[in-house]
Amino acid sequence: MPAAGFWAIESHDIRFGRDGNWYSDGERIVNPRIALLFSRSLKKRPEGGYQLQMGDERAAIEVEDTPFVVRRVDGDPAGGFSVVLNDESVEPLDPGTLTVGPDDALVCRVKDGAHEARFLRSAQSQLAPAMAEVGGGFALRTSHGDFPIRAR
């Protein structure tokens, strides 16, 4: 599937990796349009976990860490920050939702707080100039104050 194109999603083992890439049967999906389609078709399952839903087709998928990743950060401490996600949506960053995992990757809440999004390293470094060491930990500094970055 990754190299050849698209066909029924139910017949494949599909995974969204912590690196922000989609995989099918262990191979990275290199077609950016298919990856974007999958990112936009991701739905939370009522019984837990995630699935791809395209029309009447549904397929359970594995999400390694978070169902979304932050690809880019725009803005500044004075005007606020926005994040660009892997589904190409742009959302304001809620600095109060920032956490950091044991691997030092930042995570925030997105989609009205319904999901987590892991910052890719490039996006995290775009936010780094606004971070400062505060009280033995780190915080995001904005014109609205310092927002401590909690452990995930």
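Residues numbered from 1 in each chain as written. Predicted model: local features only at pLDDT ≥ 70, side-chain atom pairs only at ≥ 80, totals over all residues. Heavy atoms only, no water.

A. Structural context of the overall build of the protein chain. When helices and strands are tallied, the protein chain shows two helices and 16 strands. Across its three principal directions, the C-alpha atoms of the protein chain cover 50 × 30 × 25 Å. Split into buried and exposed, the 152 residues of the protein chain put 45% on the buried side. In the protein chain, the proportion of contacts linking residues at least 24 apart, taken out of those at least 6 apart, comes to 46%. (Helix = DSSP H or I, 4+ residues; strand = E, 2+ residues; numbered from the N terminus. Buried < 20%, exposed > 50% of the residue type's maximum accessible area, 1.4 Å probe, protein only. Contact = heavy atoms within 4.5 Å.)

B. Representation of the packing of aromatic side chains within the structure. What the rule picks out here adds up to two aromatic pairs. Considering the side-chain rings of Phe-16 and Trp-22, the 4.8 Å spacing of their centres and the 50 degrees angle between planes classify their relative orientation as tilted. Residue Phe-16 shares its accessibility class with Trp-22, and that shared class is buried. Judged by centre distance (5.5 Å) and plane angle (80 degrees), the ring pair of Trp-22 and Phe-38 falls under edge-to-face. (Phe/Tyr/Trp six-rings, centres within 6.5 Å; stacked < 30°, edge-to-face > 60°.)

C. Representation of the nonpolar core within the structure. Trp-22, Val-70, Leu-93, Phe-119 and Leu-127 are the most contacted members of the largest nonpolar core, which totals 33 residues. With four residues, the single largest contributor to this core is strand 7 (residues 68–76). Ignoring anything within four residues of it in the chain, the contact list for Phe-119 reads Val-70, Val-73, Val-83, Leu-93, Leu-98, Leu-106, Val-107, Cys-108, Gln-124 and Leu-127. (Core = buried A, V, L, I, M, F, W, Y, C linked by side-chain atoms within 4.5 Å.)

D. Structural view of the sheet that holds strand 13 (residues 131–134). Taking strand neighbours across the sheet as the criterion, the three strands line up as 13-14-15 in an open arrangement whose pairing is antiparallel. The open sheet is flanked by strand 13 and strand 15 (145–148), the only strands paired with a single partner. In this sheet, neighbouring strand axes are inclined to one another by 40 degrees on average, regardless of whether the strands run parallel or antiparallel. Relative to strand 15, strand 14 (residues 137–142) runs antiparallel, the two being bridged by four bridges. (Pairing = 2+ DSSP bridges. Axes fitted to C-alpha atoms, helices over the stretch in contact; angles between N-to-C directions.)

E. Examining a negative patch on the surface more closely. Together, Asp-13, Asp-25, Glu-27 and Glu-62 make up a negatively charged patch on the protein surface. Along the polypeptide, Glu-27 turns up in strand 3 (residues 27–28). Residue classification places Glu-27 among the partly exposed positions, given a relative accessible area of 48%. (Patch = residues over 30% accessible without salt bridge, like charges linked within 9 Å, V, L, I, M, F, W, Y side chains within 5 Å. Areas by Shrake-Rupley, 256 points an atom, 1.4 Å probe, with all protein chains shown as cover. Salt bridge = Lys/Arg side-chain N within 4 Å of Asp/Glu carboxyl O. Lys, Arg positive; Asp, Glu negative; His and termini not counted. Charge placed at Lys NZ, Arg CZ, Asp CG, Glu CD.)

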